[in-house]
Amino acid sequence: KNEVEQSPQNLTAQEGEFITINCSYSVGISALHWLQQHPGGGIVSLFMLSSGKKKHGRLIATINIQEKHSSLHITASHPRDSAVYICAVPIQGAQKLVFGQGTRLTINP
Amino acid sequence: NAGVMQNPRHLVRRRGQEARLRCSPMKGHSHVYWYRQLPEEGLKFMVYLQKENIIDESGMPKERFSAEFPKEGPSILRIQQVVRGDSAAYFCASSPGLGPHYGYTFGSGTRLTVV
C-alpha cells in the first residue's frame, strides 16, 4: 500500500462544476502539500496546511490530521483548471516528500 | 526573485552519453531536493542536499547517478552513461530551512530524453 493515496485518478467534469479530490496518507505528518502540474509544465505549490482549511481564490484545501485525510476543492471549475493535482507529505523530518500518484483533472467547456 | 531555475528545460542524449542537469535554488534557500518523474508515474525522491553536503541520497540509483551542491553555483545532477530508462522529468525544489512548515518551491523541471 502506498503511503499516500489519491482518488480519483482521473476526473472529467463540465465547466462550472464543483470538484473534489481526495488524499489519504498512512504516515504521521504535521503538514501536507497540494501541488498542481500542467501537461509538460512545472510544479506549482498550491497549499501547505497542517490543520483546518485554507482558501485561495476558487481553491479550498481541508485537512483532518486525526483521520489522515485531506481534500482539495475547486469551485466554479474552468477549463484552465485542467491539470494534474498532487498531494504530498513530508517524512523523515521533512527531508523528503512522498507523493500521491496524482489526479488528472479535465474540465470541458 | 526568479524562483527555482532549472536548465536546460529539455535535454536529448544518446545512450552512453552524460547528462548534466542544473538547479539554482531561490535566493536565500540552502536546501535543495531532486525528484524524478518517470513517464506515467508519480514523483519520487532522489536526493537532498545542503550547501556542499549530501544529506540523504537514499532515492538515488546506486550507479551512474551523482549530485552536488557546491559552495558557489547551482546544484548539479549528473547521470553518466545514460540509458533509455533514464528518460524522465527531473524536478528540483528548494526550501529555506528544514522542517515541515518551511514549504518548498519547485522548478520547471528538465525533461531528459535518451535516444
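Up top is the structure.
Residue numbering note: each chain is counted from 1, following its sequence as written. Labels are handed out in written order, letters beginning with A for the chains and numbers beginning with 1 for the ligands. Note on the predicted model: pLDDT of at least 70 is required for a residue's local features to be given, and 80 or more for side-chain atom pairs to be given and counted; whole-chain, interface and lining totals, by contrast, use all residues. Derived side-chain values reflect all non-hydrogen atoms in the structure, with water molecules and hydrogen atoms excluded from consideration.

Asks: Where do I start with the packing of aromatic side chains in this structure?
Replies: All names here are of chain B. Each Phe, Tyr or Trp ring, with Trp reduced to its six-membered ring, pairs with another whose centre is within 6.5 Å; inter-plane angles below 30 degrees give stacked pairs, above 60 give edge-to-face pairs, and intermediate values give tilted ones. Taken as a whole and judged by the stated rule, the model has five aromatic pairs over all chains. Look at Tyr33 and Tyr48: their rings are 4.7 Å apart centre to centre, the planes differ by 10°, and that puts the pair in the stacked class. With Tyr33 in strand E4 (residues 31-37) and Tyr48 in strand E5 (residues 43-50), the pair connects residues that are 15 residues apart, well separated along the chain. Each residue is assigned to one of three classes by its accessible area relative to the maximum for its type, calculated with a 1.4 Å probe on protein chains only: buried under 20%, partly exposed between the two thresholds, exposed over 50%. Owing to a relative accessible area of 0%, Tyr33 belongs among the buried residues under this scheme. By relative accessible area, Tyr48 is classed as buried at 0%. Geometrically, the ring pair formed by Tyr33 and Tyr104 is edge-to-face, given 5.1 Å between the ring centres and 70° between the ring planes. Taken as a pair, Tyr33 in strand E4 and Tyr104 in the loop between strand E9 (88-95) and strand E10 (105-106) lie far apart in primary sequence, 71 residues in all. For the pair Tyr33 and Tyr104, a shared accessibility class is recorded, and that class is buried. Secondary structure is summarised from DSSP: a helix means a run of H or I of at least four residues, a strand means a run of E of at least two, and numbering begins at the N terminus for each.

Asks: Is there a simple way to think about the pattern of salt bridges in this case?
Replies: Close approach of charged atoms lets side chains of opposite charge pair. All names here are of chain A. Salt bridges, as used here, are contacts in which a Lys or Arg side-chain nitrogen is within 4 Å of a carboxyl oxygen on Asp or Glu. Counted by the stated rule, this structure contains five salt bridges over all chains. The partner of Asp81 in a salt bridge is Arg58, and the shortest N-O contact between them spans 2.8 Å. With a gap of 23 residues between them, Asp81 in the loop between strand E8 (69-74) and strand E9 (83-91) and Arg58 in the loop between strand E6 (52-56) and strand E7 (59-64) connect regions that are remote in the sequence. Among the residues examined, Asp81 registers a relative accessible area of 7% and is labelled buried.

Everything listed here is a matter of coordinates, which is why it stays silent on function.
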